[in-house]
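Close look at the chain arrangement
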Amino acid sequence: PDRPIKRAVFETDDIVEGIKETTMEKKDNNFECNRVILKNSMSYTVRLIDDKQIENFDRIKYLVTVNKDSLPIVKLTKPQEGSYYSPVSQMKWEIKATDDFGVNEIILSYVVGAKTETEDFKIIKDGKIPLRNMSGQKNIEISGALNLIDYDFKAGTTVILQALVK
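Presented here is a report on the structure given in the accompanying data block.

1. Topic: the overall build of the protein chain
A tally of helices and strands in the protein chain yields zero helices and 10 strands. When the helices and strands of the protein chain are read in sequence order from the N terminus, they spell out β-β-β-β-β-β-β-β-β-β. Reported as C-alpha extents along the three principal axes, the dimensions of the protein chain are approximately 80 × 35 × 30 Å. As displayed, the protein chain has an accessible area near 12,200 Å², and 49% of this comes from carbon and sulfur atoms. The centroid of the 25 positive side-chain charges in the protein chain is displaced by 1 Å from the centroid of its 26 negative side-chain charges.

Right under this line is the structure:
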């Protein structure tokens, strides 16, 4: 700019969280708008004001596009519900996952518990096993095996598995 800017205002024709404009915060020699939550695509301009209250007349209009993102579909196909394993055995697992923007990480989450005398489920321990970092593939099928002895599961306990994707 040809002169110092005293103030900057973020303006939009669309109402974002009930606001059509907000004063931007000065940080060093720049201005920033810390928090704007977008639910839909929108356009905006920035009004620049100098110390004599002179504003930029021709404002540049910017367009921000919000991409719709569906939740990933994740299915733990192995082990099957209700399967029994010895605490020293190997448990095979299989996960199928789909995401419209791609899967980057797969985690196998577990909760170990046992029924109490009153038939309540008491959690003994839980954890997450990072399986693999993915490269953003949209459809994933992976499988493997857990050596149950490595996790110190006891006979009579219940292990609940859940596949998580990011």
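Alright, that's what it looks like, and here's the rest.
2. Focus: the side chain of D99
Summarising the element assignment, D99 is placed in strand 8 (residues 90–115). The charged side chain of D99 is buried without a salt bridge, its nearest counter-charge being K138 at 8.5 Å. Only 3.2 Å separates the side chain of D99 from the backbone nitrogen of F101, close enough to count as a polar contact. Discounting residues that sit within four places of it in the chain, D99 has contacts with D69, S70, L71, P72 and K138.

3. Concerning unusual backbone geometry
Cis rather than trans, the peptide bond between K78 and P79 has omega equal to 0 degrees. Position of P79 relative to the elements: it lies in the loop between strand 7 (73–78) and strand 8. A positive phi angle, close to 70 degrees, is found at E119, a residue other than glycine. Mapping E119 onto the fold places it in the loop between strand 8 and strand 9 (121–147). In this structure, D152 is a non-glycine residue whose phi angle is positive, near 55 degrees. Mapped onto the fold, D152 is located in the loop between strand 9 and strand 10 (158–165).

4. Concerning the nonpolar core
In globular proteins that are soluble, nonpolar side chains generally tend to be buried together. By size, the foremost hydrophobic cluster in this structure holds 19 residues, and its most contacted members are I95, V103, I106, L108, I140, I142 and L146. Among the elements that make up this core, the one with the highest residue count is strand 8 (nine residues). In this structure, I140 is in contact with I95, K96, A97, V103, I106 and M134, ignoring residues within four places of it in sequence.

5. Thoughts on the packing of aromatic side chains
Two aromatic rings are characterised by how far apart their centres lie and by the angle between their planes. If you walk through the whole model with that rule in mind, you get five aromatic pairs. With a centroid separation of 5.8 Å and an interplanar angle of 70 degrees, the aromatic rings of Y110 and Y151 are classed as edge-to-face. With Y110 in strand 8 and Y151 in the loop between strand 9 and strand 10, this pair connects stretches of sequence that are 41 residues apart. Consider the rings of Y110 and F153, whose centres lie 5.9 Å apart with planes at 75 degrees: the pair is edge-to-face. One end of the pair, Y110, is in strand 8; the other, F153, is in the loop between strand 9 and strand 10, and 43 residues separate them in sequence. With respect to class, Y110 is no different from F153; both count as buried.

6. Let's talk about the pairing of strand 9
Sheet analysis places strand 8 next to strand 9, joined by 21 bridges and oriented antiparallel. Within strand 9, the position partnered with I107 by the bridge is P130. Following strand 8, the chain reverses through five residues before pairing antiparallel with strand 9; E119 in that reversal takes a positive phi of roughly 70 degrees.

7. Here we look at the pattern of salt bridges
Throughout the structure, instances matching the rule amount to eight salt bridges. For E55, the salt bridge is made with R47, and the minimal N-O distance between the two is 3.5 Å. What makes E55 partly exposed here is its relative accessible area of 38%. Classification of R47 as buried rests on a relative accessible area of 12%. The closest approach of N and O atoms between K154 and D152, which form a salt bridge, is 2.9 Å.

Thresholds applied
- Each chain carries its own residue numbering, running from 1 in the direction its sequence is written.
- Reporting in this predicted model follows two pLDDT cut-offs: at least 70 for local features of residues, and 80 or more for side-chain atom pairs to be given and counted; totals over whole chains, interfaces and linings ignore these cut-offs and use all residues.
- As a rule here, side-chain values cover all heavy atoms of the structure and leave hydrogens and water aside.
- Each helix is a run of H or I in the DSSP string that is no shorter than four residues. Each strand is a run of E no shorter than two, and both are numbered from the N terminus.
- Surface exposure here means Shrake-Rupley accessible area, sampled with a 1.4 Å probe, where a residue is shielded only by the protein chains that are shown.
- Counted as positive: Lys and Arg. Counted as negative: Asp and Glu, with His and the chain ends omitted from the count.
- One atom stands in for each charge, and that atom is NZ of Lys, CZ of Arg, CG of Asp or CD of Glu.
- Exposure classes here rest on a 1.4 Å probe applied to the protein chains alone. A residue is buried below 20% of its type maximum, exposed above 50%, and partly exposed in between.
- A carboxyl oxygen of Asp or Glu within 4 Å of a side-chain nitrogen of Lys or Arg is what we treat as a salt bridge.
- Identification of polar contacts relies on pairs of N or O atoms within 3.5 Å, with a donor-acceptor requirement for protein atoms, meaning one able to donate a hydrogen and the other able to accept it, and with residues adjacent in sequence counted only if both atoms are side-chain atoms.
- Any two residues whose heavy atoms approach within 4.5 Å are treated as being in contact.
- In these notes, a set of buried Ala, Val, Leu, Ile, Met, Phe, Trp, Tyr and Cys residues joined through side-chain atoms within 4.5 Å is what counts as a nonpolar core.
- Stacked, tilted and edge-to-face are the three classes assigned to paired rings of Phe, Tyr and Trp, where Trp is represented by its six-membered ring and a pair needs centres within 6.5 Å; plane angles under 30 degrees give stacked, over 60 edge-to-face, the rest tilted.
- A pair of strands is treated as paired once DSSP finds two or more bridges between them.

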